[in-house]
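In case you want the letters, here they are:
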Amino acid sequence: MRPFTSTVFAEMSALAVKHDAINLGQGFPDSDGPASMLAAAVDAIESGGNQYPPGIGVPSLRHAIAAHERDHYGIDRDPDSQVLVTVGATEAIAGALLGLVEPGREVVMIEPYYDSYAACVALAGGVRRTVPLVRDGDGFVLDRSALAAAFGPNTAAVLVNSPHNPTGTVLTDDDLAQIARLTIEYDAVAITDEVYEHLLFDGRGQHPLALLPGMAERTLRISSAAKTFACTGWKVGWITGPADLVAAARAAKQFLTYVGSGPFQPAVAHALRTEMDWVRANAADLARKRTVLSNALRTAGFDVHRSEAGYFVCADPRPLGYSDGFEFCREMPARIGVAAVPVSAFVDDDQPWRHLVRFAFCKRDEVIAEAAERLGSLR
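Since the structure is predicted, the reported quantities are computational estimates derived from the model, not experimental observations.

Cut-offs used in this document
Per chain, residues are indexed from 1 in the order of the written sequence. Residue-level local features of this predicted model are given only where pLDDT is at least 70; pairs of side-chain atoms are given and counted only at 80 or more, and the full residue set underlies all totals for whole chains, interfaces and linings. As a rule here, side-chain values come from all non-hydrogen atoms in the structure, and water together with hydrogens is ignored. Secondary structure elements follow DSSP: runs of H or I no shorter than four residues count as helices, runs of E no shorter than two count as strands, and numbering proceeds from the N terminus. Between the first and last residue of a helix there are one fewer steps than residues, each counted as 1.5 Å, and that sum is the expected span. Classification of residues uses two cut-offs on accessible area relative to the type maximum, computed with a 1.4 Å probe and protein chains only: under 20% is buried, over 50% is exposed, and between them is partly exposed. Arc definition: it is the arc formed by the directions from the helix axis to the C-beta atoms. Here a residue-residue contact requires only that any non-hydrogen atoms of the pair lie within 4.5 Å. In the analysis that follows, any N or O atom pair within 3.5 Å is treated as a polar contact, provided that within protein one partner can donate a hydrogen and the other can accept it, and provided that, for residues neighboring in sequence, both atoms belong to side chains. In this description, a line fitted to the C-alpha atoms serves as the axis of each element, helices being fitted only across the stretch in contact, and the angle between N-to-C directions of two axes falls anywhere from 0 to 180 degrees. Note that the term roughly parallel is reserved for angles under 35 degrees, roughly antiparallel for angles over 145, roughly perpendicular for angles of 65 to 115, and oblique for everything else. Left-handed is the label given to a crossing in which the near helix is rotated counterclockwise from the far helix by less than a right angle, and right-handed is the label when the rotation is clockwise. Where each domain begins and ends is defined by an automated method or by a domain database. Accessible surface is computed with a 1.4 Å probe, and the buried area is the amount of it that two parts give up when combined, taken over both parts together.

Undergrad: Talk me through helix α12 (residues 325-336); I want residue IDs and the actual numbers.
TA: Here α12 spans 16 Å end to end across 12 residues, near enough to the 16 Å set by a 1.5 Å rise per residue. What α12 keeps buried is the set G325, F328, C329, M332, P333 and I336. Considered in projection along α12, the buried side chains sweep an arc of 130° and stay on one side of the axis. If you follow the buried residues of α12, they end up packed against α1 (8-18), β12 (338-339), β13 (341-342), β14 (357-360) and α13 (365-376). One side-chain oxygen of the residue at the start of α12 lies 2.8 Å from the amide nitrogen of F326, identifying that residue as D324. Remark: G337 follows α12 within two positions and exhibits a positive phi of approximately 80°.

Undergrad: Mind laying out the packing of helix α2 (residues 35-46) against helix α10 (residues 264-274), listing which residues take part and the relevant values?
TA: At their nearest, the axes of α2 and α10 sit 8 Å apart, and the two run at 150° to each other. With respect to α10, the element α2 is oriented roughly antiparallel. α10 is crossed by α2, and the crossing has right-handed handedness. Judged by residue contacts, S36, M37, A40, A41 and A44 of α2 engage F264, P266, A267, H270, A271 and T274 from α10.

Undergrad: Could you give me a rundown of the domain arrangement of the chain, with the residues and numbers involved?
TA: Under the domain assignment, the chain is made up of domain 1 (2-33 + 277-376) and domain 2 (35-274). Domain 1 and domain 2 are separated by 24 Å when their C-alpha centres are compared. With 36 residues of domain 1 in contact, the opposing surface of domain 2 contributes 38 residues. Summing both sides of the interface, domain 1 and domain 2 together bury roughly 3300 Å²; the carbon and sulfur share of this comes to 57%. Of all residues in domain 1, the largest losses of buried area upon contact with domain 2 belong to R306, E308 and W353, amounting jointly to 20% of the total for that side.

What follows is the structure, encoded as structure tokens:
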């Protein structure tokens, strides 16, 4: 674990605190989720729901998750054997990799990748094989030739993140079809991180990999209340999929945290059942904030990439004279009072990504406006 002793988030957040900077580095909203969900959590706390919940999650939440997948995607889940509640999506990813990847086996994953992916593969004793996104106009696309080359007889799993963090890319149906074909051909398991499943912009919709022919029996689907309901501190995530794969993830998960988020689980169940209109409104608001921040970055002189979903927009500071994103991010909090994170922190091969910087737009309007004014001083 030596390469994973610290994170870029800790470093940049510390710089933000030191210089009283606006933190657009870490991806958490600065406003709360739906009021009825918060009230349900308070009610659960006051009603005594503060001890260990069941290991697989409280029944109301497991049933709500199953109903959610049926209603949105037409996927039928048994809430008792095909749904597992986890301490956030991060634990779900860890449990899936620890439960399904033997030491020395390979895990294919898209680069850039959320930083916990590499650490969890290392914990499992696995070997990561990365497949890059490549620039396509103002956005990014999957390098399908590299994807085909990454699979082989030693492939245990493919870890798919769409909508994608940090680039905001949404994989196309053709991308998903090739991932499915290779996963089946090499008898691998797919683990899909879909935490931004409801935060897509410009008319896009989520297309789970599990729906493709031959994939239902070999896909674990991961999501979370954190992004859907703007409650990142609650750490309520889940895994759904075939019972044997869910059981494998549960075998590992039960020795990580055992359980967590007891009084928050019924509150998330309430939100899944009743607050999807709030989610749709929030997604539309995030799309607007994406546009505001993207325009501010362009005005400041950045080359700005397209963001199709999620919390983040990536920008290129080379027009401002910076070719190293790390150098830029370390200097910016003191210079203008804004913090971001370098995309090169999320890759193995940093050369194509060395210049790129990720900004979070999941903030209040007044925070984005102040950040835009400070960014304008870079001109």
